[in-house]
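# Tertiary structure, described
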Amino acid sequence: MNISLMIICAALSYLLGSISFARVVTYWWTSGKDISEHEIPVDGTPEKYRVTSIGANSAASLLGPKAGMTVSILDIFKVFLPTLFFKLYFPEQPEFALIAAVAGLIGHVWPIYYRFHGGSGFSAIMGGLLVIDWLAVLVAPIMGLLLGMIVFRNMIVASLSWLWLLIPWFWWRTNGDLSYILFAITLNLLFLLAMLPEYQTALKYKKEGKYIEYGLGNLRSNPMGRGMLKIAKFFRVKIK
């Protein structure tokens with residue numbers, strides 16, 4: 001693999017991924033409001049905390065589902081397009097597409113234009129996966145949801161296990177191709193790092209005995225979270 005081309009691929013994908021559409025859409029729709037100052041209520045208390053991840057969910061929490069969907073689609077495409085370009089331009093070297101997908105995610109999570117404060121990366125991950133293996137976008141979230149709701153009966157597992165499942169998925173789909181397995185592992189590690197601020201906030205409220213209130217407030221603040229609560233209610237799964 002040409003090292004110079006690899007660096008160019010990573011740099012271009014990172015710079016495009018660094019565009020924070022949650023900020024752009026919020027600024028445009030509200031005539032100048034800064035979404036990073038938005039606060040989420042702690043359920044059943046007068047407390048609020050400032051959003052830690054700047055992405056589609058925070059936009060939906062502030063402006064509603066239409067804005068959240070708009071941001072999500074734009075975040076998907078900002079990673080989808082460079083990944084698709086490098087896949088088509090280097091059809092015999094799939095590593096370029098994998099690098100583009102990872103670099104786009106890094107840009108989304110740590111955007112250079114916004115002091116490296118971005119989102120958690122769900123939509124950005126989806127953007128890369130749509131090019132690399134679109135079937136994973138359909139299968140992994142469904143399997144993860146069922147695993148969490150039916151087997152573990154845990155909301156966190158239901159929300160995140162689809163990412164963990166990408167590792168065995170790519171092992172199976174590619175007959176053990178190390179590049180794709182490392183790609184899946186990298187996605188998980190980057191997402192874990194991206195979520196550290198949220199974990200720290202959750203730990204703070206857990207120490208204060210308000211973990212359930214924090215979790216409910218977080219979920220009820222955006223359409224996706226409310227949807228997860230409805231699914232959890234159907235399966236009789238409680239926040240733990």
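Here, the structure is the one placed above.
Quick caveat: nothing in here was measured; it's all calculated off a predicted structure.

Inspection of the entire model under this criterion finds six salt bridges. A salt bridge links D75 to K78; the shortest N-O distance between them is 3.3 Å. Here K78 and D75 lie together in helix 4 (residues 65-89), a separation of three residues that amounts to about one turn. You can call D75 buried: its relative accessible area is 2%.

Before going further, it helps to spend a moment on the packing of helix 7 (residues 134-152) against helix 8 (residues 155-173). Where helix 7 contacts helix 8, the axes come no closer than 7 Å and their chain directions differ by 130°. The angle between helix 7 and helix 8 falls in the class oblique. When the axes of helix 7 and helix 8 are compared, the crossing they make is right-handed. From helix 7, L135, A136, V139, A140, P141, M143, G144, L145, L147, G148, M149 and F152 reach across to helix 8, where they touch M155, V157, A158, S161, W162, L165, L166, W169 and R173.

We now examine empty space enclosed by the protein. Evaluated as defined, the whole model comprises one cavity of 30 Å³ or more. By volume, the largest cavity amounts to about 50 Å³. Elements that contribute at least two residues to the lining of the largest cavity include exactly helix 2 (21-30), helix 4 and helix 5 (95-109). Here the lining of the largest cavity gets three residues from one element, more than from any other, and that element is helix 2. Of the residues contributing to the lining of the largest cavity, the split by class is five nonpolar, seven polar and three charged.

A word on the side chain of H38. With respect to the helices, strands and loops of the structure, H38 is situated in the loop between helix 2 and strand 1 (39-41). Classification of H38 by relative accessible area gives buried; the value is 12%. A distance of 3.0 Å separates the side chain of H38 from the side chain of S61, its partner in a polar contact. Aside from chain neighbours lying at most four places away, what touches H38 is Y49, R50, V51, S58, S61 and L62.

Here the focus is a nonpolar patch on the surface. A contiguous nonpolar surface patch, about 450 Å² in accessible area, is contributed by L16, M69, I73, F77 and L81. Note on placement: L81 falls in helix 4. Classification of L81 by relative accessible area gives partly exposed; the value is 47%.

About the criteria used
- Residues numbered from 1 in each chain as written.
- Predicted model: local features only at pLDDT ≥ 70, side-chain atom pairs only at ≥ 80, totals over all residues.
- Heavy atoms only, no water.
- Salt bridge = Lys/Arg side-chain N within 4 Å of Asp/Glu carboxyl O.
- Helix = DSSP H or I, 4+ residues; strand = E, 2+ residues; numbered from the N terminus.
- Buried < 20%, exposed > 50% of the residue type's maximum accessible area, 1.4 Å probe, protein only.
- Axes fitted to C-alpha atoms, helices over the stretch in contact; angles between N-to-C directions.
- Parallel < 35°, antiparallel > 145°, perpendicular 65-115°, else oblique.
- Left-handed = near helix turned anticlockwise from the far one by under 90°.
- Contact = heavy atoms within 4.5 Å.
- 1 Å grid on protein atoms, 1.4 Å probe; cavity = no way out; pocket = protein on both sides within 12 Å on 5 of 7 lines; lining within 4 Å.
- Points joined across faces, edges and corners; volume = space filled by probe spheres on them.
- Nonpolar A, V, L, I, M, F, W, Y, C, P; charged D, E, K, R; others polar.
- Polar contact = N/O pair within 3.5 Å; in protein donor to acceptor, adjacent residues only side chain to side chain.
- Patch = residues over 30% accessible without salt bridge, like charges linked within 9 Å, V, L, I, M, F, W, Y side chains within 5 Å.
- Areas by Shrake-Rupley, 256 points an atom, 1.4 Å probe, with all protein chains shown as cover.

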